[in-house]
Amino acid sequence: MNQQSQVDLARIEALRGNVEAALPVLVRHAEAGDDSAAVSAAELSAYLWRWDDVIAQAARLIANPYAVYAGNVFHELVLLLGRAGQETGDWRTIARVADAASQRVEADLRANPWGFPETKIEGAQSLLLILDRLGEYALGEGHIRLHGYLDIFSPRPEIPKPDLFKAAMKLKQNQGSPERRLIFASMYHLDDEMIRLFETMNGKVRFEHAVSIAKAYLRRGDEATAWEAVRANWADWAPVDRAQTAPLVFFIDTALVNLVTRDRATDLVHRPRAAHLSNPA
């Protein structure tokens, strides 16, 4: 069996909830140079509350962002390193990781081993700015001055926008469908409407909507129902990149960080998700 097949099979085991079987394989391949395997290992390590391992594995990917397809993987691991700093207090290591990653990314962009067009290389300079923010965040031990649209460590307020919701509901294609209403209620942060729809749909919704609904319940002070919304719809989660084995939103979204405790994280990661990938026909 070739290396990629072993990594892919380990990811399938992770999606099935068999973390103890998957993680050692992923770590072994990450340490052998497969930076995409490091993504999977970092995610699983976060759910197992192994934050030193998170730092070691996430460091590999942020220094080689194009080891994976989806750009959000890089951004999420940068934020996960911020959370790892909060958990371990090892800001000095994270600052070193950010600096080393920045140097490698800058060198790679200059050499352009992928043969990217110049326009893509220019656009990729934002990776260096984000790594700078990570370094500043680490040097500030979890604090950073504002940087506008690249202020990635400061939460953006979820402001209700009922007028935009009403306008969307006037469109014919959005009428008569609870699922469509829920999409826009989530998009425009209407807590009462999200919760109403969630209850009429018997608590079964898409995972990303369950996350929004959990936030709505948390804003009401109802942690128990917020947790149940997440747990009941966990199986619906699916990756956008083959390297992903579990969602990082609970560790990087400040509105949710107190919801998924160590015990709850362990419970979730041992539960199956993305069944269409982990149990192919």
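Now for a look at the structure at hand. Being a predicted model, the structure only gives us computed values, none of them experimental. (Residues numbered from 1 in each chain as written. Predicted model: local features only at pLDDT ≥ 70, side-chain atom pairs only at ≥ 80, totals over all residues. Heavy atoms only, no water.)

Some words on the packing of aromatic side chains
- Applying the stated criterion across every chain, the model contains 14 aromatic pairs.
- The structure contains a cluster of three or more aromatic residues connected by ring pairs, namely Tyr-47, Trp-49, Trp-51, Phe-207, Trp-234, Phe-250 and Phe-251.
- The ring of Phe-116 carries the charged tip of Lys-120 above its face, separated from the ring centre by 4.2 Å. (Phe/Tyr/Trp six-rings, centres within 6.5 Å; stacked < 30°, edge-to-face > 60°. Lys NZ or Arg CZ within 6 Å of the ring centre and 35° of its normal.)

Observations regarding unusual backbone geometry
- In this model, Asn-202 sits at a positive phi of 60°, which is unusual for a non-glycine residue.
- Along the chain, Asn-202 turns up in the loop between helix H11 (191-200) and helix H12 (207-219). (Helix = DSSP H or I, 4+ residues; strand = E, 2+ residues; numbered from the N terminus.)

Regarding the packing of helix H3 (residues 35-47) against helix H5 (residues 71-88)
- Contact geometry of H3 with H5 gives a least axis separation of 11 Å together with a crossing angle of 40°. The orientation of H3 with respect to H5, classified from their angle, is oblique. For the pair H3 and H5, the sense of crossing is left-handed. Every residue of H5 that contacts H3 at Val-39, Ala-42 and Ala-46 is listed here: Val-73, Leu-77 and Leu-80.
- Of the residues in the contact of H3 with H5, the class split is six nonpolar, no polar and no charged. (Axes fitted to C-alpha atoms, helices over the stretch in contact; angles between N-to-C directions. Parallel < 35°, antiparallel > 145°, perpendicular 65-115°, else oblique. Left-handed = near helix turned anticlockwise from the far one by under 90°. Contact = heavy atoms within 4.5 Å. Nonpolar A, V, L, I, M, F, W, Y, C, P; charged D, E, K, R; others polar.)

Considering the packing of helix H4 (residues 51-62) against helix H6 (residues 91-111)
- One way to put it is that H4 packs onto H6 with a least axis distance of 9 Å and a crossing angle of 20°. When the interaxial angle is binned, H4 and H6 end up roughly parallel. For the crossing formed where H4 meets H6, the hand is right-handed. Every residue of H6 that contacts H4 at Ile-55, Ala-59 and Ile-62 is listed here: Thr-93, Ile-94, Val-97, Ala-101 and Val-105.

Examining H5
- Helix length check: H5, at 18 residues, gives a terminal C-alpha distance of 26 Å against a target of 26 Å (1.5 Å per residue), a fit within 8%.
- Among the residues of H5, those classed as buried are Val-73, Phe-74, Leu-77, Val-78, Leu-80, Leu-81, Gly-82, Arg-83, Ala-84 and Gly-85.
- Check the buried side of H5 and you find it contacts H3, H4, H6, helix H8 (125-139) and helix H14 (249-252).
- Positive phi appears at Gly-89, one or two residues downstream of H5, with a value of about 75°. (Expected span 1.5 Å × (residues − 1). Buried < 20%, exposed > 50% of the residue type's maximum accessible area, 1.4 Å probe, protein only.)

A closer look at the environment of Ala-56
- Along the chain, Ala-56 falls in helix H4.
- In this structure, the C-alpha to C-alpha distance between Ala-56 and Thr-93, residues 37 residues apart in sequence, is 9.5 Å.

A closer look at the nonpolar core
- Counting residues in each nonpolar core, the largest one holds 97 residues, and the members touching the most others are Tyr-47, Ile-62, Leu-77, Val-78, Leu-80, Phe-250 and Phe-251.
- Residue contacts for Val-78: discarding those within four places in its chain leaves Ile-62, Ile-130, Leu-131, Leu-134, Ile-152 and Phe-153. (Core = buried A, V, L, I, M, F, W, Y, C linked by side-chain atoms within 4.5 Å.)

Details of the pattern of salt bridges
- Enumeration according to the criterion identifies 19 salt bridges in this entry.
- For Lys-215, the salt bridge identified is with Glu-158, shortest N-O distance 2.7 Å. Note that Lys-215 is positioned in helix H12 and Glu-158 in the loop between H8 and helix H9 (162-169), a separation of 57 residues in sequence.
- Overall, Glu-158 belongs to the partly exposed group, its relative accessible area being 30%.
- In this structure, Arg-196 and Glu-193 form a salt bridge, with 2.8 Å as the shortest nitrogen-oxygen distance. (Salt bridge = Lys/Arg side-chain N within 4 Å of Asp/Glu carboxyl O.)

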